[in-house]
Amino acid sequence: MSTVEHTPSESAPDAQKWVDVQASDDFAELRHRLRKFVFPVSGLFLAWYLLYVLLADYAHGFMSTKVIGNINVGLIFGLLQFVSTFVITTLYVRHANKNLDPLAEKLREEIEGDGK
């Protein structure tokens, strides 16, 4: 979502304009760039989460190993789930700003006919 204010055009784009943009090479490239980031990162995160769940269920001894005081491996892995979520969010924002937003803005201008 852009943080720049946009005023809507006098008339809304017709349905054919949307179909044309969806069929365009730019839109296909935008989808490709999004999927190139989202699918691998989602897969990695789900694998990381599944590892955490499986270790919690089947490796009680390992997960209950004390590291410092009452802090054990399970607690550290659990907190790292939150850390990895924030890291993924940060990486996605950077990716979107660099690779997705410029192309999405170009498509928006085509649809709305800003003529910039």
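Residues numbered from 1 in each chain as written. Predicted model: local features only at pLDDT ≥ 70, side-chain atom pairs only at ≥ 80, totals over all residues. Heavy atoms only, no water.

- If you check an unreviewed UniProt entry, the protein chain appears there as DUF485 domain-containing protein from Lentzea alba.

### Quick word on the environment of His 95
Argument step 1. Relative to the assigned elements, His 95 resides in helix H4 (residues 73-112).
Argument step 2. Exposure remark for His 95: the relative accessible area of 14% places this residue in the buried category.
Argument step 3. Through-space distance from the C-alpha of His 95 to that of Leu 34 is 8.8 Å; in sequence the pair is 61 residues apart.
Argument step 4. Dropping the residues within four chain positions of it, His 95 is found in contact with Arg 33, Phe 37 and Leu 100. (Helix = DSSP H or I, 4+ residues; strand = E, 2+ residues; numbered from the N terminus. Buried < 20%, exposed > 50% of the residue type's maximum accessible area, 1.4 Å probe, protein only. Contact = heavy atoms within 4.5 Å.)

### As for the pattern of salt bridges
Argument step 1. Evaluated as defined, the whole model comprises four salt bridges.
Argument step 2. Note that Asp 26 is salt-bridged to Lys 106, the shortest N-O span being 2.8 Å. Residue Asp 26 is found in helix H2 (residues 25-58), and its partner Lys 106 is found in helix H4; the two are separated by 80 residues along the sequence.
Argument step 3. Note that Arg 108 and Glu 112 form a salt bridge whose closest N and O atoms lie 2.4 Å from each other. With a gap of four residues between them, Arg 108 and Glu 112 both fall in helix H4, about one helical turn apart. (Salt bridge = Lys/Arg side-chain N within 4 Å of Asp/Glu carboxyl O.)

### Regarding a nonpolar patch on the surface
Argument step 1. Together, Val 67, Ile 68, Ile 71, Leu 75, Ile 76, Leu 79, Leu 80, Phe 82, Val 83, Phe 86, Val 87 and Leu 91 make up an exposed nonpolar region whose accessible area comes to about 1,100 Å².
Argument step 2. With nine residues, H4 is the largest single contributor of residues to the nonpolar patch.
Argument step 3. Checked against the element boundaries, Leu 79 lands in helix H4. (Patch = residues over 30% accessible without salt bridge, like charges linked within 9 Å, V, L, I, M, F, W, Y side chains within 5 Å. Areas by Shrake-Rupley, 256 points an atom, 1.4 Å probe, with all protein chains shown as cover.)

### Examining the packing of aromatic side chains
Argument step 1. Inspection of the entire model under this criterion finds four aromatic pairs.
Argument step 2. Seen from their ring centres, Phe 37 and Tyr 92 are 5.7 Å apart, and the 50 degrees between their planes marks the pair as tilted. Of this pair, Phe 37 sits in helix H2 while Tyr 92 sits in helix H4, and the two are 55 residues apart along the sequence.
Argument step 3. For Phe 37, a relative accessible area of 15% puts it in the buried group.
Argument step 4. Ring pairs connect the aromatic residues Trp 48, Phe 62 and Phe 77, which therefore count as one cluster. (Phe/Tyr/Trp six-rings, centres within 6.5 Å; stacked < 30°, edge-to-face > 60°.)

### As for H4
Argument step 1. Helix geometry: H4 is bent most strongly at Leu 100, by close to 50 degrees, with proline Pro 102 lying one to four residues after it.
Argument step 2. Two or three places before Gly 74, at the opening of H4, Asn 72 has a side-chain oxygen 3.2 Å from that residue's backbone nitrogen.
Argument step 3. At the C-terminal side of H4, Gly 113 shows a positive phi close to 70 degrees. (Bend = angle between axes of the 7 residues up to and from the residue. Polar contact = N/O pair within 3.5 Å; in protein donor to acceptor, adjacent residues only side chain to side chain.)

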